[in-house]
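Fold and geometry: a report
The primary structure of each chain is shown beneath.
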Amino acid sequence: MTSHHIEDPFLLDFLAGKIFAYPTEAVYGLGCDPDNEQAVLKLLALKQRDVKKGLILVADNYSQLLPYVDDSAIKMTKRTEIFSSWPGPITWLLPKAKNTPAWLTGASDFIAVRVSAHPVIKDLCVRANKPLVSTSANTTGHSAAMSVSQVQTYFSNQVVVVDGSLGGAQSPSKIRHGHSGQTIRDN
């Protein structure tokens with residue numbers, strides 16, 4: 001009996017540690033496999049971003065984030081507010097799981113996570129069966145890419161571009177602290 005296995009080009013590139021540029025709710029994002037340290041460090045080098053700053057993980061659903069989040073450390077008084085904001089353009093800083101790598105969290109005891117409603121992000125996360133690193137597609141000090149041509153201007157052939165449309169939001173996701181509720185980024 002012969003088994004036919006169809007290879008997913010995205011998944012092959014993802015597993016090979018490639019960096020992706022993909023549409024998000026507001027801007028093009030850069031992403032990769034959050035568990036591949038070499039891929040994350042390559043992404044940070046492309047962006048000229050310090051690893052100490054940490055990165056956002058974006059997922060199709062909360063269960064994809066559980067390996068990276070200490071769910072039991074999320075305050076009961078905040079759970080409804082956090083989970084009712086998803087899927088949507090709010091990133092929450094939640095307590096990191098014990099084994100969450102420092103290349104994702106930087107110097108923080110928290111990890112930035114978001115459950116997205118964007119169809120391209122949802123599709124990529126389902127295909128990868130895990131969250132993606134998500135950071136704006138630009139180099140430090142430059143505005144985020146709003147088109148494939150801007151992505152190519154910034155990164156030429158160093159990233160794999162995923163087709164799709166931006167989600168129509170006017171600004172990147174709001175970032176809020178999961179313990180205090182304080183807004184960290186509101187733009």
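Residues numbered from 1 in each chain as written. Predicted model: local features only at pLDDT ≥ 70, side-chain atom pairs only at ≥ 80, totals over all residues. Heavy atoms only, no water.

Brief notes about the pattern of salt bridges
A complete count under the given rule lists 10 salt bridges for this structure. Here Asp71 and Arg79 are joined by a salt bridge, their closest N and O atoms 3.0 Å apart. The buried category is assigned to Arg79, whose relative accessible area is 19%. The shortest N-O distance in the salt bridge between Arg176 and Glu81 comes to 2.7 Å. Residue Arg176 is found in strand β8 (residues 174–177), and its partner Glu81 is found in helix α4 (residues 76–84); the two are separated by 95 residues along the sequence. Here Arg176 falls in the buried class, since its relative accessible area comes to 17%. Three or more residues joined by partner-sharing salt bridges are found here, namely Asp8, Asp123 and Arg127. (Salt bridge = Lys/Arg side-chain N within 4 Å of Asp/Glu carboxyl O. Buried < 20%, exposed > 50% of the residue type's maximum accessible area, 1.4 Å probe, protein only. Helix = DSSP H or I, 4+ residues; strand = E, 2+ residues; numbered from the N terminus.)

Description of the packing of aromatic side chains
If you walk through the whole model with that rule in mind, you get six aromatic pairs. Ring geometry for Tyr62 against Phe83: centres 4.7 Å apart, planes inclined by 65°, an arrangement best described as edge-to-face. Residue Tyr62 is located in helix α3 (residues 62–65), and its partner Phe83 is located in helix α4; the two are separated by 21 residues in the primary sequence. Look at Tyr62 and you get buried, because its relative accessible area is 17%. (Phe/Tyr/Trp six-rings, centres within 6.5 Å; stacked < 30°, edge-to-face > 60°.)

A few points about the sheet that holds strand β6 (residues 132–136)
Strands sit in the order β7-β1-β2-β6-β3-β5-β4-β8-β9 across an open sheet of nine strands; the sheet is mixed. Across the chains shown, the open sheet's two edge strands, defined by having one partner strand only, are β7 (160–161) and β9 (183–185). Strand direction decides the pairing type here: strand β1 (residues 20–23) and strand β2 (residues 28–31), joined by four bridges, are antiparallel. If you follow Pro23 over to β2, its bridge partner there is Tyr28. Contacting β1, β3 (56–59) and β6, helix α6 (residues 119–128) crosses the sheet at an angle of about 140° to β1. The sheet contacts of helix α7 (residues 148–155) involve β1, β2 and β7, and relative to β2 the element is tilted by about 45°. (Pairing = 2+ DSSP bridges. Contact = heavy atoms within 4.5 Å. Axes fitted to C-alpha atoms, helices over the stretch in contact; angles between N-to-C directions.)

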